[in-house]
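# Architecture and fold: a report
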Amino acid sequence: MGHRLAQSPSLYLRQHAENPVDWHPWGPEPFEEARRRDVPVFLSIGYAACHWCHVMAGESFADEETAAVLNSRFVAVKVDREEHPDVDDAYMAATQTLTGQGGWPMSVFTLPDGRVFHAGTYFPPLRRGRVPAFREVLDAVHAAWTQRRQEVEDSAEKIAQALGAQRRQQSQIALSPVLGDEDADGGTAASLESASDEWVEDALATLAGEEDTVHGGFGAAPKFPPSPLLGFLLEESFWRSRLTHEQDEIAGELAVRTLEAMGRSALFDQLDGGFARYATDRAWMVPHFEKMLADNAQLLGHLARLSVHPAASAAQRRRAEHRARATIGWLRRRMVTAEGLLASSLDADTVDEQGRHVEGGTYLFSDAEIVDAARTAGLGMDQARRLATLSRGAPPEGGHVDVTTGRTLHFSAPLSAEDQQDWEAVAAELLRRRDSRPQPSRDEKVVASWNATAVRSLAEAAMLWGEEEPLHLAEELAESLWGLYVQHGGSGVSGVARVSYGGCTDGRPGTVADHAEVASACFALSSATGRRSWLDRGVAVLRATLASFTRQGEQGWEVLENLDDDGLLTAAQAGPSLAGPLDGPEPSAVACLAGALQTAEALEVPLELRATDLLHHVRLVAAKAPTVAGASLVVARRAARRSPALRMLAADVEDARQVRRTAALAGIPVEPVELPADAPAGGLQLSVCLNAPSAMVCLPPVGTVEEALEAISPAGRT
């Protein structure tokens, strides 16, 4: 039955090619087939590394009787959410509206025109409490379709209108001035331009109230890395510490405690580096084991920044550097494809010798195994037993734990210097043993935005550490990304593709976030290398992005999330897919574009659209929901400092390293200039260029980085 999926480049689709379900890939054809047969469409949306996707596949989609019902009463469509993030966004919004929650696998029922009338996530084969069995759902949907068609169509229309209104409202709060954004003279309010201190204070107060003061991070289980927010906290802390001359200010404390707790927990791979997707518990003790490039590309940059950050102690900086370097090592060893780019994920499950999917099966160790590995590594019995005691992980299934139970590697507190030395001695042996086990599969899909984020983080790590090796990796990735993904037309760059497999893209344009992140990666490399060519590339991509994804609407600017939906998503949400301003695990599309625009402004690139045109939501969101506004707050605060850039007029190698290190900490681009390697020492001349419309000026050069920073007014001050 799965012949349509068997040759798909998507690993997720190929995982279902042997199902007896007559799957179709996403596109207009299955919806036309549903119209011809007069049946609903069943959309199953997921991704290759998803544990519960595997579970539902084994329980329901591999079942002959269930497949027969699906095939006779529905047209079934499989969607790889990483290939089609716009499809995932639209139908996730519908699922959350109908059920109050979301997740994958997503199970959505639509009319033949794509409008939703019923949705859920994972459905078990048998009823579990209030959760109906999947067959019950299929029967109920079929009964509604055949017996209450008008109700179904009316419901689909109401849902589509509600989704469209929600999408437009979210877009408008980002792109349209809100009440009070105009001053007495009718101009742009200073409050939006300066991202006032009041917003940030309110945001930090809210975050302090939401912090898990026992285990770190924010909120309850399941607990995700707050990656976009961490960038804001670290940058804000750097500037605040310059004003207060204190390490223990709230932004820095929140960032340090969160990254420390995550870094010593089972969320972080204590043997090989890299972070798992999220934790199922508050203590970060039991991860959902898939390892995603999207998360690690962001967290790498945050750890590198923490490794030199004034808010961290010397020990915390050492640990952050170790974890950042371990994550780079994991990327090199496990994630680089044959084409020189980074694959999207490692699976949550391991398929054992019996063909069973075992969640986290590769990663678990019993106390007995830790002791034996420690003895093999040369530690004494007392040291070995102590290490087993220090690692207080848990089995994914819960239940009784003894010395033979496989558990996660998790440390509830930082290790002492002696214990850390012992652990490093045994970690190599544990990794050797782990590598001999069956390994999780890798999704070879290469996603443009995630690779671009990794490039930016590697470039920043190179600036922060003053090292060439991470910069070489960043440039290698960026050159491969540019050569494969950036599309050219008659007048230059025309767009950026989203995904590739085996060195081939499918021709579909990427999202606005793909475009914006590629531009930002180029800007980061321009700062790190001093080469103008990377700046020119970033500007070319950004101009193409504005030409394709932005337009003047009735309420002002509109930003489209995607360019190609075959009309199905337009029907599903009663309008186009407009980019949203709120962060999820990744920065929002609006924040991505605003960030690229702000950096371009700082580097004196004239563009019709400005970053602050996209940030009207910050006032409304920062205090109430700062965890979804972190990426926008970063951009707003940079604009508040009048979009500064650093211009090196003269510098030796060591001077340039110090300038770039401080620039990466402060979130300030460095204008591209290639300095001679034999420049004489002691001759730094550094100018600050302020590039907001109200302050287009380059200040007289100074002789130290500190003097240059003093010339930049902190946010909210003149």
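Read on for an overview of the structure.

Basis of the calculations
- Residues numbered from 1 in each chain as written.
- Predicted model: local features only at pLDDT ≥ 70, side-chain atom pairs only at ≥ 80, totals over all residues.
- Heavy atoms only, no water.
- Helix = DSSP H or I, 4+ residues; strand = E, 2+ residues; numbered from the N terminus.
- Rg over C-alpha atoms; globule rule 2.2 N^0.38 Å.
- Buried < 20%, exposed > 50% of the residue type's maximum accessible area, 1.4 Å probe, protein only.
- Contact = heavy atoms within 4.5 Å.
- Areas by Shrake-Rupley, 256 points an atom, 1.4 Å probe, with all protein chains shown as cover.
- Pairing = 2+ DSSP bridges.
- Axes fitted to C-alpha atoms, helices over the stretch in contact; angles between N-to-C directions.
- Polar contact = N/O pair within 3.5 Å; in protein donor to acceptor, adjacent residues only side chain to side chain.
- Phe/Tyr/Trp six-rings, centres within 6.5 Å; stacked < 30°, edge-to-face > 60°.
- Expected span 1.5 Å × (residues − 1).
- Core = buried A, V, L, I, M, F, W, Y, C linked by side-chain atoms within 4.5 Å.
- Disulfide = S-S within 2.5 Å.
- Parallel < 35°, antiparallel > 145°, perpendicular 65-115°, else oblique.
- Left-handed = near helix turned anticlockwise from the far one by under 90°.
- Nonpolar A, V, L, I, M, F, W, Y, C, P; charged D, E, K, R; others polar.

### Focus on the overall build of the protein
- Counting its secondary structure elements, the protein contains 27 helices and 22 strands.
- For 718 residues, the compact-globule estimate of 2.2 N^0.38 gives 27 Å, and the protein sits close to it at 26 Å.
- The dimensions of the protein, computed from C-alpha atoms along their principal axes, are 80 × 75 × 45 Å.
- Within the protein, buried positions represent 59% of all 718 residues.
- A separation of at least 24 residues holds for 69% of the contacts in the protein among residues at least 6 apart in sequence.
- Total accessible area computed for the protein in this model is approximately 27400 Å², and 50% of it derives from carbon and sulfur atoms.

### Some words on the sheet that holds strand E5 (residues 116–120)
- The strand order across the open sheet built from five strands is E1-E3-E2-E4-E5, with neighbouring strands paired in mixed fashion. Every interior strand has two partners, whereas the edge strands, strand E1 (23–25) and E5, have only one. When strand polarity is set aside, the average angle formed by the axes of neighbouring strands in this sheet is 25°.
- The pairing of strand E4 (residues 106–110) with E5 spans four bridges and is classified as antiparallel. By the bridge assignment for E5, Val 108 is matched with Ala 119.

### Some words on the side chain of Glu 83
- Among the structural elements, Glu 83 can be located in the loop between strand E3 (75–80) and helix H6 (85–99).
- Side chain to side chain, Glu 83 and Tyr 501 meet in a polar contact 2.7 Å long.
- Beyond its immediate chain neighbours, meaning those up to four positions away, Glu 83 contacts Ser 10, Lys 445, Arg 498, Val 499, Tyr 501 and Arg 508.

### Overview of the sheet that holds strand E16 (residues 499–501)
- With antiparallel pairing, three strands are arranged side by side in an open sheet as E13-E16-E17. Edge strands, defined here as strands with exactly one partner in the open sheet, are strand E13 (446–447) and strand E17 (504–505).
- In the sheet, E16 pairs with E17 via two bridges, with the strands oriented antiparallel. Among the inter-strand pairings, Ser 500 is bridged to a residue of E17, identified as Thr 505.

### Considering the packing of aromatic side chains
- For the structure shown, the criterion picks out 18 aromatic pairs.
- For the pair Trp 23 and Phe 61, a centre-to-centre distance of 5.0 Å together with 85° between the ring planes defines the contact as edge-to-face. With Trp 23 in strand E1 and Phe 61 in helix H4 (residues 51–61), this pair connects stretches of sequence that are 38 residues apart. One exposure class covers both Trp 23 and Phe 61, and it is buried.
- Ring geometry for Phe 289 versus Tyr 363: centroids 5.8 Å apart, planes at 10°, classification stacked. Of the two residues, Phe 289 sits in the loop between strand E7 (287–288) and strand E8 (291–292) while Tyr 363 sits in the loop between strand E11 (357–359) and helix H15 (367–376), which places them 74 residues apart along the sequence.

### Here we look at the pairing of E4
- Taking burial as the measure, the five residues of E4 include five buried ones, the bulk of the element.
- Along E4, one buried face is formed by Met 106, Val 108 and Thr 110 and the opposite face, lined by Ser 107 and Phe 109, is buried too.
- As defined by bridge partners, strand E2 (residues 41–46) adjoins E4 across five bridges and the pair is classed as antiparallel. Across the sheet, Val 41 pairs through a bridge with Thr 110, a residue of E4.
- Hairpin connection of E4 to E5: five residues between the antiparallel strands, including Gly 114 at a positive phi of 100°.

### A few points about helix H13 (residues 293–306)
- If you check H13, its first and last C-alpha atoms are 20 Å apart, about what 14 residues at 1.5 Å a residue would give, namely 20 Å.
- Within H13, 14 of the 14 residues are buried, leaving the element largely enclosed by the surrounding structure.

### Topic: the nonpolar core
- Grouped together as the largest cluster of nonpolar side chains are 151 residues, with contacts concentrated most on Leu 233, Leu 542, Leu 593, Leu 597 and Leu 614.
- Per-element accounting of this core gives the leading share, twelve residues, to helix H18 (residues 448–465).
- In contact with Leu 233, not counting residues within four places along its chain, are Leu 204, Leu 207, Phe 218, Ala 251, Leu 254 and Ala 255.
- Among the nonpolar cores identified, the runner-up in size contains 36 residues, and Ala 17, Phe 134, Trp 145 and Ala 156 belong to it.

### A closer look at the state of the cysteines
- In the structure shown here, the tally under the stated rule is two disulfides.
- Paired through a disulfide, Cys 50 and Cys 53 show a sulfur-sulfur distance of 2.4 Å. Sign of the S-S torsion, about 85° for the bond between Cys 50 and Cys 53, identifies this disulfide as right-handed.
- For Cys 50, a relative accessible area of 2% puts it in the buried group.
- A disulfide bridge connects Cys 689 with Cys 698, and the sulfur atoms are separated by 2.0 Å.

### Section: the packing of helix H19 (residues 469–485) against helix H20 (residues 512–529)
- It is at 11 Å that the axes of H19 and H20 come closest, and there the two elements cross at 140°. Classified by the angle their axes make, H19 and H20 are oblique. Here H19 runs over H20; the crossing is left-handed. Residues Leu 471, Ala 474, Glu 475, Ala 478, Leu 481 and Trp 482 of H19 pack against Val 518, Cys 522, Leu 525, Ala 528 and Thr 529 of H20.
- Of the residues contributing to the contact of H19 with H20, the split by class is nine nonpolar, one polar and one charged.

None of this, on its own, says anything about what the molecule does.
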